[in-house]
Amino acid sequence: AQRVTQPEKLLSVFKGAPVELKCNYSYSGSPELFWYVQYSRQRLQLLLRHISRESIKGFTADLNKGETSFHLKKPFAQEEDSAMYYCALSGQGAQKLVFGQGTRLTINP
Amino acid sequence: DTGVSQDPRHKITKRGQNVTFRCDPISEHNRLYWYRQTLGQGPEFLTYFQNEAQLEKSRLLSDRFSAERPKGSFSTLEIQRTEQGDSAMYLCASSPSTYSYEQYFGPGTRLTVT
């Protein structure tokens, strides 16, 4: 079964502090992992995917197959990072996305 | 705006009524997806199309739900005999090709069943 777990519904940190949003997955195969973000009053959009190994808006995420995790990290949080973050996985073949419950990140000034 | 569009943005209906939502994907995107999102949850997959072919349906898609994409462009999602449990945000997404993993989401249609 495909499953994505985001253990924290809410996360609050101060501006300039490091941020880590946790994501664990369950999938019998080699999944594609993603982080999607939804800013206030905007639509859901892709932040990054593990295969691209990019840093987007200062965020990075490393796929750890041993721990089946794909945590999202940023060394210095900014106020504009406040948003809803969803971890998602897709099986081979670019098909449906399976989303976690989401983590609402709030960056305090 | 050349992104995915959905219509209507909000729909209030009485229990037992039928509703239909429309999604216009980004031009020439082959794949189109429908998701449902309830409060406090992430989006849940309902169904997807490759051009006009419906390739997968979730168990969430009961026989009261039907989706079409007749010409491989826009899609409609119809819910018959709505129930209060159908109240949710219905999201549409499209992606450019079979091998593209990125999905581009629309703003959603919020359905309230009273």
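Look up a bit, the structure's there.
The following refers to the structure shown. (Residues numbered from 1 in each chain as written. Chains lettered and ligands numbered in written order. Predicted model: local features only at pLDDT ≥ 70, side-chain atom pairs only at ≥ 80, totals over all residues. Heavy atoms only, no water.)

## Considerations on the nonpolar core
By size, the foremost hydrophobic cluster in this structure holds 25 residues, and its most contacted members are Trp 35, Leu 72 and Tyr 85 of chain A. Those elements that provide at least two residues to this core are β2 (10-14), β3 (19-21), β5 (32-38), β6 (45-49), β8 (69-74), β9 (83-90) and β11 (103-108) of chain A. Setting aside residues up to four positions removed in sequence, Tyr 85 of chain A forms contacts with Gln 6, Leu 21, Trp 35, Tyr 36, Val 37, Leu 47, Phe 59, Leu 72, Gly 102, Thr 103 and Leu 105 of chain A. Listed in part, the 19 residues of the second largest apolar core include Leu 46, Leu 61, Cys 92 and Val 113 of chain B. (Core = buried A, V, L, I, M, F, W, Y, C linked by side-chain atoms within 4.5 Å. Buried < 20%, exposed > 50% of the residue type's maximum accessible area, 1.4 Å probe, protein only. Helix = DSSP H or I, 4+ residues; strand = E, 2+ residues; numbered from the N terminus. Contact = heavy atoms within 4.5 Å.)

## With respect to the state of the cysteines
For the structure shown, the criterion picks out 2 disulfides over all chains. Between Cys 23 of chain A and Cys 87 of chain A runs a disulfide, and the two sulfur atoms are separated by 2.0 Å. Note on the Cys 23 of chain A and Cys 87 of chain A pair: the S-S dihedral is about -65°, so by sign convention the disulfide is left-handed. Here Cys 23 of chain A is found in the loop between β3 and β4 (24-26), whereas its partner Cys 87 of chain A is found in strand β9, with 64 residues between them in sequence. With respect to class, Cys 23 of chain A is no different from Cys 87 of chain A; both count as buried. Residue pairing for Cys 23 of chain B: its cysteine sulfur links by disulfide to Cys 92 of chain B, the two sulfurs lying 1.8 Å apart. Disulfide Cys 23 of chain B-Cys 92 of chain B: the torsion about the S-S bond is -65°, which places it as left-handed. Taken together, the positions of Cys 23 of chain B in strand β3 (residues 19-24) and Cys 92 of chain B in strand β9 (residues 88-95) put the pair 69 residues apart, joining distant regions of the chain. (Disulfide = S-S within 2.5 Å.)

## Observations concerning the sheet that holds strand β1 (residues 5-7) of chain B
Residues and elements named next belong to chain B. Spatial ordering of the open sheet is given by β1-β3-β8-β7, a layout of 4 strands whose pairing is antiparallel. For this open sheet the edge positions go to β1 and β7 (65-68), each flanked by a neighbour on one side alone. Here the strands of the sheet are splayed against their neighbours by 15° on average, with no regard to which way each runs. Bridging between β7 and strand β8 (residues 75-79) involves 4 bridges; their strand directions are antiparallel. Of the residues in β8, the one forming a bridge with Phe 65 is Ile 79. (Pairing = 2+ DSSP bridges. Axes fitted to C-alpha atoms, helices over the stretch in contact; angles between N-to-C directions.)

## What to know about the interface of chain B and chain A
Facing 23 residues of chain B, the contacting portion of chain A comprises 20 residues. Both faces combined, the contact of chain B with chain A buries some 1,700 Å², and carbon together with sulfur accounts for 50% of it. Considering only the side of chain B, the residues that lose the most area to chain A are Pro 43, Tyr 101 and Phe 105 of chain B, jointly responsible for 38% of the buried surface there. Across the chain B-chain A interface, the total number found is 1 salt bridge. Residue assignment for the side of chain B that touches chain A shows that the elements contributing at least two residues are β4 (31-37) and β5 (44-50) of chain B. For the side of chain B that touches chain A, the element with the most residues is β4 of chain B, which contributes 4 residues. Of the residues that constitute the side of chain B that touches chain A, the class distribution is 10 nonpolar, 9 polar and 4 charged. (Buried area = accessible area lost by both parts, 1.4 Å probe. Salt bridge = Lys/Arg side-chain N within 4 Å of Asp/Glu carboxyl O. Nonpolar A, V, L, I, M, F, W, Y, C, P; charged D, E, K, R; others polar.)

It is worth stressing that arrangement in space is one thing and function is another; only the former is reported here.
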